[in-house]
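A structural walkthrough
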Amino acid sequence: MSDDTTREAAPASTEPAPGPRSGAGAVPGEHDTPGSTESRTGRSDPPGATTRTPPATPGGGDAPGGTGPEPAGGTTGGEAEATGGGSGDVPRKRRRRGSRGGRNRKRKPPAVSADDAADRRPGSRAEDYTDPSADRGMTADDVAEKAAIDAGISKPRIGDSRPAPAGSAPARPRIGDSRPAPSATSAGGAPKVGDRRPAAPAGGGESGEGRDGGNGGNGGNGPGGGVPAGTGTSRRRRRGGKGRSRSGGGGGAGPDRPAVTPVEADLGLDAAVELDEAVIARRRGRTRKGRPAGRYMMCVHAGPGPSTQIAVLEGRNLVEHSVARPEDDAASIDGNIYLGRVQNVLPGMEAAFVDIGTAKNAVLYRGDVVFDESEIDEKQPRIETLLKNGQSILVQVTKNPIGHKGARLTQEVSLAGRFLVLVPNQPDTYGISKRLPDDERRRLRGILDQVRGGGAGVIVRTAAEGATADELVADFSRLMAQWSQIEDLAARSRPGTLLYKEPPLVVRRIREEFTKEYRAVAIDDRELYERVHGYVSAIAPELAERIEHYDPEAEQLPIFERFHVHEQLHKALDRKVWLPSGGSLIIERTEALTVIDVNTGKNVGKSNLEETVFANNLEAADEVARQLRLRDIGGIIVIDFIDMEVQKNRDDVLAAFKAALARDKTRTQVFDISELGLVEMTRKRISEGLVEAFSEKCEVCKGRGFVVDESMLS
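Everything in this summary refers to the structure shown in the same document. (Residues numbered from 1 in each chain as written. Predicted model: local features only at pLDDT ≥ 70, side-chain atom pairs only at ≥ 80, totals over all residues. Heavy atoms only, no water.)

Digging into the sheet that holds strand S13 (residues 420-424)
- Within the open sheet, the four strands sit side by side as S12-S13-S15-S14. Their pairing is mixed. Of all strands in the sheet, those bounded by a partner on one side alone are strand S12 (415-416) and strand S14 (430-432).
- Relative to strand S15 (residues 456-460), S14 runs parallel, the two being bridged by three bridges. Looking across to S15, one finds that Gly-431 is bridged to Ile-459.
- Contacts from helix H9 (residues 438-451) reach S13, S14 and S15 within the one sheet, and its direction differs from that of S14 by about 150 degrees.
- On the sheet, helix H10 (residues 469-491) packs against S12, S13 and S15 and is oriented at approximately 35 degrees with respect to S13. (Pairing = 2+ DSSP bridges. Helix = DSSP H or I, 4+ residues; strand = E, 2+ residues; numbered from the N terminus. Contact = heavy atoms within 4.5 Å. Axes fitted to C-alpha atoms, helices over the stretch in contact; angles between N-to-C directions.)

Description of unusual backbone geometry
- Its identity is not glycine, yet His-564 carries a phi of approximately 60 degrees, on the positive side.
- The phi torsion at Asp-632 lies on the positive side, around 55 degrees, for a residue other than glycine.
- Along the polypeptide, Asp-632 turns up in the loop between helix H16 (609-631) and strand S22 (635-640).
- Classification of Asp-632 by relative accessible area gives buried; the value is 15%. (Buried < 20%, exposed > 50% of the residue type's maximum accessible area, 1.4 Å probe, protein only.)

With respect to the packing of aromatic side chains
- The final tally for this structure, using the stated rule, is four aromatic pairs.
- Ring plane angle 75 degrees and centroid distance 6.4 Å describe the contact between Phe-641 and Phe-657, whose orientation is recorded as edge-to-face. Of this pair, Phe-641 sits in the loop between S22 and helix H17 (647-661) while Phe-657 sits in helix H17, and the two are 16 residues apart along the sequence.
- The structure contains a cluster of three or more aromatic residues connected by ring pairs, namely Tyr-296, Phe-514 and Tyr-518.
- Positioned over the ring face of Phe-563 is Arg-562, at 5.0 Å from the centre of the ring.
- Of note, Lys-602 hangs over the ring of Trp-578, and the distance from its end group to the ring centre comes to 5.0 Å. (Phe/Tyr/Trp six-rings, centres within 6.5 Å; stacked < 30°, edge-to-face > 60°. Lys NZ or Arg CZ within 6 Å of the ring centre and 35° of its normal.)

Digging into the environment of Arg-478
- With respect to the helices and strands, Arg-478 occurs in helix H10.
- Spatially, the C-alpha atoms of Arg-478 and Asp-266 are 7.2 Å apart, while their sequence positions differ by 212 residues.
- At 2.8 Å, the side chain of Arg-478 and the side chain of Asp-475 are in polar contact. (Polar contact = N/O pair within 3.5 Å; in protein donor to acceptor, adjacent residues only side chain to side chain.)

Below is the structure:
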């Protein structure tokens, strides 16, 4: 057939090709060498592919952009030299598929000549070499896609704006889908691993109790495979083992397991020990004019809002104050027991960070790790030998999270009761409070020798003074039962689970501190009064009469104003504290330590300077001890007493200061007065303090106390 005949037949197909062209539809200059398309792409057109010839341009095959006749399956040598413009330019080398950069790499469009620009006008059939698909050639997928489009059965793609075909099958559920499951007639399969949707209803062979649900032919788990249909499909664990996701604060609960309820502290209300009147009368304590007498008094104020404030008075002086809020449950976790997971072991810090389900990981130091010495060859093993990343351990919180620091943990778990403290798995632990008299310590030691057992240690509290053997045995049995519940819960829980939760703050303070040294506990909330009174009546009936209900409406005065707590709180929030003789204290808190400066102020004395300074320092020693308890100041504390020349006066001031600190239950350590009159001491940090409980950081100065004049720095 001649060339003229071919050119006249070409316009019969003017429809643009649906995709990239190769083979008979190639553009001149597209092939590197004459011959078939296999010489460049390494493959030929798939069988059945349709080839189309672009329309001819008048003037023959040498016309710009024109193409000559092409035999099926190849090109002529003269056409291979054409560049699309007939100008004799060097053919452009094009990147081969699979070369560096990938076929989806964005390319800068090449310079276009005037002749090429005319050929690339709308409707032109000239090839656009900037199209990434031009490099690919026509593949089997292209042919299949074209055939699907011609048949009208193509599947919707991402970005399509046309509606999906009515007869198309619904997409199968994917991992992570949150949409509801399709019906059994249209789903076409069982639920997949990771689906959050409910299982398909039974009846369509899609439910089962085995691993693969309705697949009856896979291990006999579906209908016809040994498990009756309609029993529901249990959700499987994802691949990769347990603990795929970190705990976020709940611990133990997930989409495939119920929430874990922690063990609550057993207050012993259901198993109270009956006492005769003689024992109750002996333990009732001192009275004055028919009323109970004691050094301390506790005032409990419910409000404002859901908060509860507890104030402890020594005589008429406020010595302790604490606030409990519902939102503090996540931060006030002292005493709680968790099943944690070791997140990171730091040998250089001799500590490990443990995930217990709180916002910040808690820290466990080397000295708080418990291990079996028979299993460790070293006498002082390193922490990386005792703990490994991902290990599950049972821990207890000893210090609440403060500021940017997480909670502090220990593996020496203990459960506090009214009279005893149980130390599980530590049978060698044994002790009696040193605050008790020697004869009472001997009596209690004889009782404990009969009570101890079960592989647990016991510590006797100060509240056990005068307790009978039956009360100690009942307290020990109650604590052992609680520990058994905690062990059972830990065996079926995942890391990050709260296993044991301490009671509310008011009940905890009553349990740990309320003795016959308290003359009264006044509560202005009726419901809280009933709860506390019932608890004290069960564990210490001789002290039940000291629990009082304060009615603000009948007294016509709030409880904190009635006992002068309100005005003392205002003074405790100030940085300056006045002494009875006219001297003063200046309390400044910094990031590293707290500094207290003692001044004579208005105190001018009577005889000489040494006596004036000595008397002023004695007043300051007692007031500093009270302010440390009231403001709950912890960490390093430096006290600058006024200089004294006589060594005996220095010793007396230090002795008075230590005696005042002895009434503080928080652990302290005091060093001797230095040559500069400084006393260095430490106090265990328990909470953020009184000032932080009633204040917020200033948004203007960011807590610095001053504002910088930016205009002076410009």
